[in-house]
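# Structural overview for review
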Amino acid sequence: MSIANWYFRIGDRRVLMDAYITRLPASIFMAPPGLPNDMAAFTQSPQGIDTASIAKVRDAVLGSDKLDLLLAGHAHWDHSWDTPTWSKLTGAAMIGSATACMQASAQHVATEQCRVVSGGEAISLGDGITMRVVRFNHSGDATNPIQHFARELYRPPVPDPVTGGFRAGVGEDYPNGGGNRAFLFTIDRPDGKLAFFVNDSASDYDLDKPIVVDGADFGSPLANLAAAMKDAGLEKVDVWVGTGGKAVAERLVPLLHPKVYIPNHWDGLFHPFWRGLPYPFKDENLSAYLKAQNIQLVPQRQYFDKFVLTTHGVEVDVNHGVKRKLGFADQQHFSKSLQDAVSRVASTSVGADCGEGFAVANDWAEVYAQLSH
């Protein structure tokens, strides 16, 4: 559903991850002095929530069905900004970091409606479904430390007294929440076990280093993932919904051995939601690596594509009914000029993960970004 927003339907269980539909403008963000790469650290003004758009997506996706759970992968604005509103609109409980739950509290979500997870939890969702929480890192490195390194809030954000809005900066009301929370799902079925892993951010910079918050050591992402796989009795997963490109894939594939890779969080942060997918996926380095490992790459072609996992593999469904309700074409159509740009620039070079897409990589990337608007 764009960026790192996912709707998982497993039997009769319905789970949403992140579900950021509001689009905050890039123009409000600014870097602090001395840290030019921390471009989302601070903001010029508080911002609100596009409740009407959230409700429209809810109606199209869920209809009258009950939502069982909301996951906040981490607590940056492009992930958890709308999650509390989804909780209020649907009554579904949230799971996330202490920061995500403080953000929810600031938006009047009851304390008992948000469960704090630190990693290592194995949560039964019923009907043979288990979700294991894997403590993970965030994209970036030491050049954008406010965004990258694990940070939690110490109190709920205070809404602006005039507008009721919040400060979206990763150095303000929306730090990452002590790193990232990834999720390993296993589904026990009469015809065999299915498993998929989803992470909505990652960096190869310190995948093997412990995540430390206020002196508490939460283990390294690689060790945490290995422990989750062992606890689940898995040597491989059917699907990895991932980020991080080739550099992260080279570190995680030996642990996950996925049959299928579905990329997410590569389509930028600021493109208007209602225009649909801004450009096609292209990452030749990642594609070549996955092909060499005999892993099928299945990228999105439009927002709200449906990926159907069975013991036979993954099939793509255009999900026409939902797209029609939201005004999206079944498959996004791109201009020739944009396709020409894509032939020379990896889409992930201008749109990947939380904020790395701010920087213009080269002349073609600049043209590419202009065309995508």
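Everything here concerns the structure above.
Keep in mind that what you see is a predicted model, and the values were worked out from it rather than measured.

Under the definition given, this model contains 1 disulfide. Through a disulfide, Cys 101 is tied to Cys 114; the S-S separation comes to 2.1 Å. Judged by the sign of its S-S torsion, about -80 degrees, the cystine formed by Cys 101 and Cys 114 is left-handed. Within this pair, whereas Cys 101 is found in helix H4 (residues 98-106), its partner Cys 114 is found in strand E7 (residues 114-116), the two being separated by 13 residues in sequence. Per residue, the accessibility class of Cys 101 equals that of Cys 114, and both read buried.

With that settled, the discussion passes to the nonpolar core. Counting 56 residues, the largest nonpolar core has Phe 197, Leu 252 and Phe 304 as its most contacted members. Discounting residues that sit within four places of it in the chain, Phe 197 has contacts with Val 134, Phe 136, Ala 182, Phe 183, Leu 184, Leu 225, Val 239, Trp 240, Val 241, Leu 252 and Leu 256.

On to the packing of helix H7 (residues 245-256) against helix H8 (residues 284-292), then. For the pair H7 and H8, the least separation of the axes is 8 Å and the interaxial angle reads 25 degrees. What the angle tells us is that H7 and H8 run roughly parallel. As for how H7 packs across H8, the hand of that crossing is right-handed. Every residue of H8 that contacts H7 at Gly 245, Lys 246, Ala 249, Glu 250, Val 253 and Pro 254 is listed here: Asn 285, Leu 286 and Tyr 289.

Strand pairing in a sheet takes place through backbone hydrogen bonds and is either antiparallel or parallel in direction. Spatial ordering of the open sheet is given by E1-E2-E5-E6-E7, a layout of 5 strands whose pairing is mixed. Every interior strand has two partners, whereas the edge strands, strand E1 (6-10) and E7, have only one. Each strand of the sheet is rotated relative to its neighbour by a mean of 20 degrees, with strand direction disregarded. Bridging between strand E5 (residues 69-71) and strand E6 (residues 93-96) involves 3 bridges; their strand directions are parallel. Looking at E6, one finds that Leu 71 is bridged to Ile 95. Helix H3 (residues 83-90) rests against strand E2 (13-17), E5 and E6 of the sheet, and its axis sits at about 175 degrees to E5.

Structurally, Thr 90 can be placed in helix H3. Along the sequence, Thr 90 and Met 17 sit 73 residues apart, while their C-alpha atoms lie 14 Å from each other. The contact partners of Thr 90, leaving out residues within four places of it in the chain, are Arg 58, Leu 62, Leu 67 and Leu 70. At 2.7 Å, the side chain of Thr 90 and the backbone oxygen of Trp 86 are in polar contact.

Okay, the pairing of strand E11 (residues 192-198) next. The buried fraction of E11 amounts to 5 of the 7 residues, a majority that puts the element mostly inside the structure. Direction of pairing for strand E10 (residues 180-189) relative to E11: antiparallel, over a ladder of 7 bridges. Bridge pairing in E11 links Phe 185 to Phe 196. Between E10 and E11, which pair antiparallel one after the other, the connecting turn spans 2 residues. As judged from the 3 bridges shared by E11 and strand E14 (residues 239-242), these two strands associate in the parallel manner. Following the sheet pairing, Val 198 is matched in E14 by Val 241.

With respect to the helices and strands, the residue Thr 99 is situated in helix H4. Filtering out sequence-adjacent residues up to four positions away, Thr 99 remains in contact with Ala 75, Arg 151, Glu 152, Leu 153, Pro 175 and Gly 177.

Scanning the entire structure with this criterion turns up 21 aromatic pairs. On the basis of an interplanar angle of 50 degrees and a centroid distance of 6.0 Å, the ring pair of Phe 29 and Phe 270 is categorised as tilted. A residue pair is termed long-range when its members are at least 10 positions apart, and Phe 29 in strand E3 (residues 29-30) and Phe 270 in the loop between strand E15 (260-263) and H8 qualify at 241 residues. Among the residues examined, Phe 270 registers a relative accessible area of 23% and is labelled partly exposed. With a centroid separation of 4.8 Å and 85 degrees between ring planes, the pair formed by Phe 273 and Trp 274 is classed as edge-to-face. Accessibility expressed as a relative area gives 33% for Trp 274, which makes it partly exposed. Taken together, the aromatic side chains of Trp 6, Phe 8, Phe 185, Phe 196 and Phe 307 make up a single cluster linked through ring pairs. Lying across the ring of Trp 274, Lys 56 places its NZ or CZ 4.6 Å from the centre. Just above the ring of Phe 218 sits the side chain of Arg 135; from NZ or CZ to the centre is 3.9 Å.

Criteria and thresholds
Residues numbered from 1 in each chain as written. Predicted model: local features only at pLDDT ≥ 70, side-chain atom pairs only at ≥ 80, totals over all residues. Heavy atoms only, no water. Disulfide = S-S within 2.5 Å. Helix = DSSP H or I, 4+ residues; strand = E, 2+ residues; numbered from the N terminus. Buried < 20%, exposed > 50% of the residue type's maximum accessible area, 1.4 Å probe, protein only. Core = buried A, V, L, I, M, F, W, Y, C linked by side-chain atoms within 4.5 Å. Contact = heavy atoms within 4.5 Å. Axes fitted to C-alpha atoms, helices over the stretch in contact; angles between N-to-C directions. Parallel < 35°, antiparallel > 145°, perpendicular 65-115°, else oblique. Left-handed = near helix turned anticlockwise from the far one by under 90°. Pairing = 2+ DSSP bridges. Polar contact = N/O pair within 3.5 Å; in protein donor to acceptor, adjacent residues only side chain to side chain. Phe/Tyr/Trp six-rings, centres within 6.5 Å; stacked < 30°, edge-to-face > 60°. Lys NZ or Arg CZ within 6 Å of the ring centre and 35° of its normal.

No statement about biological role is implied by the geometric values presented.
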